[in-house]
Amino acid sequence: MAVEAWVSAGAGAGADAARRSLADIAYERVRDRLLTLDIKPGDLLSDGELAKDLGVGRTPVREALKRLELDRLVVSYPRRGTFATRVDVTDLAFISEIRTQLEPLAASRAARVATVSAREQLREVMRAVEGFDASAASVVETLRLDASVHRGIYAAAANPHLEDVLIRYDNLATRIWCMVLDRLPDLSRHVHEHVDLLRAVIDGDEAGAAELARIHVSGFEQAVREALFAA
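Per an unreviewed UniProt entry, the chain is named DNA-binding transcriptional regulator, GntR family, and its organism is Cryobacterium levicorallinum.

Below you can see the structure in the form of structure tokens.
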């Protein structure tokens, strides 16, 4: 139904607008399947099969796969095809090194420059986190909430280049997180510690927001390492 609605809406604005919209939909749906490991690392991605599953043509899927390759979520080989990239836990340190520098930057900048509207949106996210029951939630629901926190802060920071980089590395971190999600002993604490971070951003506490973001990223890396070691 959603795809049909986009097709109908795009028809009035021209075929190019409809195709771009379908490419966005294909990108988001395939990306989410990659992040949650529904498409497993190393799996071959057939543009024909994906197009059939999504109810779109092959062209939007091919455009989506090109974007996903830039995100390092898929890799293409001549005459072999396109594959989901491997989840290499040895990359955790590299990803965390970058996020430890950039997440605090985004949080402090958001605390400083966020608009009234952006702060209100963050309040809505904070209320959702406060009422979230991690023990009763699905993996997808948990990841969606986590993403809403980080994406909200990135957007509030109002630096599109910083936002683009952070989204890519947050996606890569999410894939590693999904590998150990069922082994994390205190998932609820990880989710709810976002409340203090969001409050600091909303209140304009630059130093506090930066420090809480740093602690959150470092805690994520430590939790994943402990889960892997326990396995």
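**Q** Can you help me understand the pairing of strand β3 (residues 81-84) in this one?
**A** Of the pairings in the sheet, the one linking strand β1 (residues 44-45) to β3 comprises two bridges and is antiparallel in character. Its bridge partner lying in β3, Leu 44 is registered against Phe 83. The turn joining strand β2 (residues 74-77) and β3, which pair antiparallel and follow one another in sequence, is formed by three residues; a positive phi near 65° is taken by Arg 79.

**Q** I'm lost on helix α10 (residues 194-202) in this one. Help?
**A** Given 3.6 residues per turn, any residue in an α-helix points the same way as the ones three and four places further on. Burial within α10 is extensive, with seven of its nine residues counted as buried. Looking at α10, one finds that the buried residues are His 194, Val 195, Leu 197, Leu 198, Ala 200, Val 201 and Ile 202. Tucked into the core, α10 has its buried residues touching α5 (92-113), α6 (116-130), α7 (139-156), α9 (187-192) and α11 (206-230). A positive backbone phi angle near 80° is found at Gly 204, which sits one or two residues after α10.

**Q** What exactly am I supposed to notice about the pattern of salt bridges here?
**A** Between side chains of opposite charge, a pair can form when the charged atoms approach closely. Summed over all chains, the structure comprises 19 salt bridges. Here Glu 221 and Arg 225 are joined by a salt bridge, their closest N and O atoms 3.2 Å apart. In this pair, Glu 221 and Arg 225 are both assigned in helix α11, four residues apart and thus about one turn of the helix distant. Of the residues examined, Arg 225 reaches a relative accessible area of 40% and is grouped as partly exposed. Through salt bridges with shared partners, one network takes in Arg 99, Glu 103, Arg 151 and Asp 170.

Procedures and definitions
- Residues numbered from 1 in each chain as written.
- Predicted model: local features only at pLDDT ≥ 70, side-chain atom pairs only at ≥ 80, totals over all residues.
- Heavy atoms only, no water.
- Pairing = 2+ DSSP bridges.
- Helix = DSSP H or I, 4+ residues; strand = E, 2+ residues; numbered from the N terminus.
- Buried < 20%, exposed > 50% of the residue type's maximum accessible area, 1.4 Å probe, protein only.
- Contact = heavy atoms within 4.5 Å.
- Salt bridge = Lys/Arg side-chain N within 4 Å of Asp/Glu carboxyl O.

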